[in-house]
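Remarks on the overall topology
As a plain string of letters, each chain reads:
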Amino acid sequence: MQRNELMTLTELQKQLALLHQCDDEIDILATMSALLQPLLQYQDCIVLKKTHHHFLTIGTTNIDFYEKTWPPCAAFIQALKKGYSYSCNPLPEQLFALSEKVNNQNKKTALLIGIDTGKEQCLFIFTHVINNVNHNILASHSIILFLQQVFHAFLQLNKLHAQTHQSVLLLDKFSQLSTLFKELASEWFWRTEPDMTFTSVNNLEREDNTYAQIFINKTIESLRTKNEQKNTLKWQAFAALVAEHEDFNGFEFEVKAPIPLWVSLNGKSQFDENGNFIGYLGIAKDITVSKERETALENEKLKAEEASKTKTKFLTIMSHEIRTPMNAIMGMIELLIDTDLTQEQRQWLNYANSSADILYGLITDVLDFSKIESGTVLIANKPLNVKLLIENIVGQLHIIEDSEDIIFSVSINDDIPTYIMGDEFRLGQILFNLIGNAFKFTHSGHIALCANIVDDKLKFTIEDSGVGIAKKDLSFIFQPFRQVNEGINRKNEGVGLGLSISKNLIELMGGSINVETQLGLGSTFTILLPFKEAIIDEIKPEFSSKQPVLSVLVAEDNKTNQVLIKAFLQKLNHKVTIANDGVEAIEFMKLKHFDLILMDIMMPTMDGLSATQHIRHELFSDIPIFALTANASNDDKASCFKVGVNKVLTKPIKFETLKASLSTLL
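The rules we used
- Residues numbered from 1 in each chain as written.
- Predicted model: local features only at pLDDT ≥ 70, side-chain atom pairs only at ≥ 80, totals over all residues.
- Heavy atoms only, no water.
- Helix = DSSP H or I, 4+ residues; strand = E, 2+ residues; numbered from the N terminus.
- Buried < 20%, exposed > 50% of the residue type's maximum accessible area, 1.4 Å probe, protein only.
- Contact = heavy atoms within 4.5 Å.
- Areas by Shrake-Rupley, 256 points an atom, 1.4 Å probe, with all protein chains shown as cover.
- Pairing = 2+ DSSP bridges.
- Axes fitted to C-alpha atoms, helices over the stretch in contact; angles between N-to-C directions.
- Salt bridge = Lys/Arg side-chain N within 4 Å of Asp/Glu carboxyl O.
- Core = buried A, V, L, I, M, F, W, Y, C linked by side-chain atoms within 4.5 Å.
- Parallel < 35°, antiparallel > 145°, perpendicular 65-115°, else oblique.
- Left-handed = near helix turned anticlockwise from the far one by under 90°.
- Nonpolar A, V, L, I, M, F, W, Y, C, P; charged D, E, K, R; others polar.
- Phe/Tyr/Trp six-rings, centres within 6.5 Å; stacked < 30°, edge-to-face > 60°.
- pLDDT = per-residue confidence, 0-100.
- Expected span 1.5 Å × (residues − 1).
- Arc of directions from axis to C-beta.

1. Examining the overall build of the protein
Each helix and strand counted, the protein has 18 helices and 24 strands in total. Residue burial in the protein is summarised as follows: out of 666 residues, 40% are buried. For the protein, long-range pairs separated by at least 24 residues make up 63% of all intrachain contacts whose partners lie at least 6 apart in sequence. As presented, the protein carries roughly 37700 Å² of accessible surface, and 53% of it is formed by carbon and sulfur atoms.

As structure tokens, then:
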């Protein structure tokens, strides 16, 4: 196709100059229309920019085509390849289908002119052109150059629009942040006279000028609240610092104001050219929110501490109130069993004794858990006979859990030393809990206890063929007050503390516990404990069962316990004198010589601690005093030892325990 120029160079320069003077899309399209309409009659013009996957409208005379995306098609590709595309059936599937306002008639045509700048490509779509297109337009270098500049003008305009939009967004964001800063800003400048009177408060962020109204023409001391005035040491130190014109940082105080207000002051002393002190200049920070949060946290802490104290006090009282009658119940049953009884009576007493032991176990578990939770449990480190301990536990379980359907076997490896160092009571408690659980959940089959040494550690394995534990329940079997079967109709008594207490005690001993189980096939609990063999010198010889007759003063206000303890002592052939409170005990001490005092701690008129203190400091007596108490915590025991008690016996007191304690007097 022969190219004929439609414009001279001068005319082209004039048109480009007009184009460069355009300020918006309308001006650009109007300039283009003024040049092309005489040469090419069209209804609408659409300028498309080619992207990676589609064409995007960047300029148009018809709002219906504004900001539309166009998929590639054969006509578009042909126009970019050959420079133009001309159709008498103008793209109904893409172009005119987008607008119901455009008259889509087959006799109308569309002309597509492709522009390639080397870096980017674009299309000019002219709609509803006449059939007789002036082909000189398509062959004109000047027209193509003009259209290229139109395309660049649209690109620059779109770029400017994007930058303007971004700037508006940034300004809007800055405005929001500025407003937020004004609302939340808490720092401000201040200045004082030499007498610390505020003369200037500059807080540009707050329109209400709240700080100026509170501080101007007032001294720091006059702004103190009543609570602040009570803190004399703090303000004396501050006054001394100001008197020396020293700089200060982070001086916090509560301000007397209509609203709650705490401030933190940073101040720097100021001097004139002659070196005279003229006051302070500094920055203040509003710390009201942080102080309120700090106060709330402190209040919550105090509430938690108060709740803990209340809980401890409650457990102490409950320990005494429950253990005291339990002492009488278990003791009386023990005395009755030792009398002449019929077979039926002995069976009934055995049932009662078994139930009392279970109840005592529950009480002990709850109190032990409380002590573990508060961190007051101490693990003893004394020589103990592992084999004898296991035999005693097994003996108890045979009495309580005697069953023809269960085979109970015990295996103790000969490698285990006869005596090791440890806590006999706590180790026995652990084994009793775990073996007791095996009996609870095994109705038939076998239960096996094995003890041996593995990797220099004492290993206990308790294996049973019981109901087992489901995998979903393994996560909480060591949690307190949780049981695998927590329904109303569960068969086994207990509060769900045995395993939790055992695990905690094992960890306090530096050991570990593991469980392997399968539902319906049984469980295996494995305990590993570090141990040290006891040195022969550390093993105390057992005392002879024969004891001399002692004269014992029993200070106890509970009548039932008086009868019980007196019966225990008389069974050991000792002489007993009963005092109903601490005052009577002191009076008996003045009248008669005793070899031992069994002193109840909680009594009316005068408690056991006060009576013991009087005996030690007023009567100057070193008589052995054994405390009788239902309060089994370490703090309670420490209180006993502090006033001069020699030994603490925890209620309920069993005959064998009392007998063993008295043997230490030999």
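Text resumes after the structure shown.
2. Quick word on the sheet that holds strand 12 (residues 382-385)
Across the sheet, which stays open at both edges, the three strands sit in the order 12-14-19 with antiparallel pairing between neighbours. Only two strands of the sheet have a single neighbouring strand rather than two, namely strand 12 and strand 19 (532-533).

3. Here's the deal with the sheet that holds strand 2 (residues 55-60)
One open sheet holds the six strands; their spatial order is 3-2-1-6-5-4, and the pairing between them is antiparallel. Two strands close off the open sheet at either side, each with one partner strand: strand 3 (69-70) and strand 4 (84-87). In this structure, strand 2 lies alongside strand 3, joined through two bridges in antiparallel fashion. Bridging across to strand 3, Leu56 finds its partner in Thr69. Along the sheet face, helix 2 (residues 25-36) touches strand 1 (45-50), strand 2 and strand 6 (121-129) and points at about 80° away from the line of strand 2.

4. Here we look at the pattern of salt bridges
With the rule as written, the count across this model stands at eight salt bridges. Between Glu300 and Lys303 there is a salt bridge whose closest N-O contact spans 4.0 Å. Residue Glu300 and its partner Lys303 are located together in helix 9 (residues 288-337), separated by three residues, close to a single helical turn. With a relative accessible area of 48%, Glu300 lands in the partly exposed category. Glu507 is the salt-bridge partner of Lys503, the closest N and O atoms lying 2.6 Å from each other. Remark: Glu507 and Lys503 occur in helix 13 (residues 498-508); sequence separation between them is four residues, near one turn of the helix. On the basis of relative accessibility, which here comes to 26%, the residue Lys503 falls in the partly exposed class.

5. Topic: the environment of Met603
Mapped onto the fold, Met603 is located in the loop between strand 22 (596-600) and helix 16 (608-617). Sequence separation between Met603 and Asp557 is 46 residues; the distance between their C-alpha atoms is 5.9 Å. Filtering out sequence-adjacent residues up to four positions away, Met603 remains in contact with Ala555, Glu556, Asp557, Asn580, Asp581, Gly582 and Gly608.

6. A look at the nonpolar core
Within the largest apolar cluster, 36 residues are counted, with the highest numbers of intra-cluster contacts made by Phe460, Phe525 and Ile527. Among the secondary structure elements, those contributing two or more residues to this core are helix 11 (386-400), strand 13 (406-412), helix 12 (424-440), strand 15 (445-454), strand 16 (457-464), helix 13, strand 17 (512-518) and strand 18 (522-530). Sorting elements by how many residues they give to this core places helix 12 first, with seven residues. The next biggest cluster of nonpolar side chains, apart from the first, holds 34 residues, and it includes Met32, Leu36, Tyr42 and Ala153.

7. Quick look at the environment of Asn249
Counting through the fold element by element, Asn249 comes out in strand 9 (residues 248-254). With relative accessibility at 68%, the residue Asn249 sits in the exposed group. Taking the C-alpha atoms as reference points, Asn249 and Lys268, 19 residues apart in sequence, are found 8.7 Å from one another. Asn249 has contacts with Leu265 and Asn266, leaving out every residue within four places of it along the chain.

8. A word on unusual backbone geometry
A positive phi angle is found at Thr605, which is not glycine, with a value near 65°. With respect to the helices and strands, the residue Thr605 is situated in the loop between strand 22 and helix 16. Judged by relative accessible area, Thr605 falls into the exposed class, the value being 69%. In the Ramachandran plot, Phe620 falls in the positive-phi region, its phi being about 55° despite a non-glycine side chain. Among the secondary structure elements, Phe620 is positioned in the loop between helix 16 and strand 23 (625-629).

9. Describing the packing of helix 14 (residues 559-571) against helix 18 (residues 655-663)
Taken N-terminus to C-terminus, the directions of helix 14 and helix 18 make an angle of 60°; their axes are 10 Å apart at the nearest point. On the basis of their axis angle, the class for helix 14 and helix 18 is oblique. Considering only the axes of helix 14 and helix 18, their crossing is right-handed. Here Phe568, Leu569 and Lys571 of helix 14 come into contact with helix 18, specifically with Phe655, Leu658 and Leu662. Of the residues in the contact of helix 14 with helix 18, the class split is five nonpolar, no polar and one charged.

10. Comments concerning the packing of aromatic side chains
Scanning the entire structure with this criterion turns up 20 aromatic pairs. Here Trp188 and Tyr211 contribute two aromatic rings whose centre-to-centre distance is 4.8 Å and whose plane-to-plane angle is 20°, an arrangement assigned as stacked. In this pair, Trp188 is assigned in strand 7 (residues 187-192) and Tyr211 in helix 6 (residues 210-215), connecting sequence segments 23 residues apart. You'll find Trp188 and Tyr211 in the same group, each marked buried. Between Trp190 and Phe198 the ring centres are 5.6 Å apart and the planes differ by 65°, which places this aromatic pair in the edge-to-face class.

11. Thoughts on the confidence of the model for the protein
Segments scoring low in pLDDT should not have their predicted coordinates read at a detailed level. Put simply, the protein has an average pLDDT of 81, and 82% of its residues get 70 or more. Confidence over residues 97-107 falls short of pLDDT 50; this stretch has 16 contacts with residues more than four positions distant or in other chains. Between residues 486-491, whose pLDDT stays under 50, and residues either more than four places distant or in other chains, the model counts three contacts.

12. A few points about helix 1 (residues 9-20)
Taking 1.5 Å of rise per residue, the twelve residues of helix 1 would be expected to cover 16 Å, and the 16 Å separating its terminal C-alpha atoms lies within 8% of that figure. Of all the positions in helix 1, only Leu12, Gln15, Leu16 and Leu19 are classed as buried. Seen along its axis, helix 1 keeps its buried residues to an arc of 100°; they face one direction. Exposed residues pointing more than 90 degrees away from the buried face of helix 1 are listed as Thr10 and Lys14.

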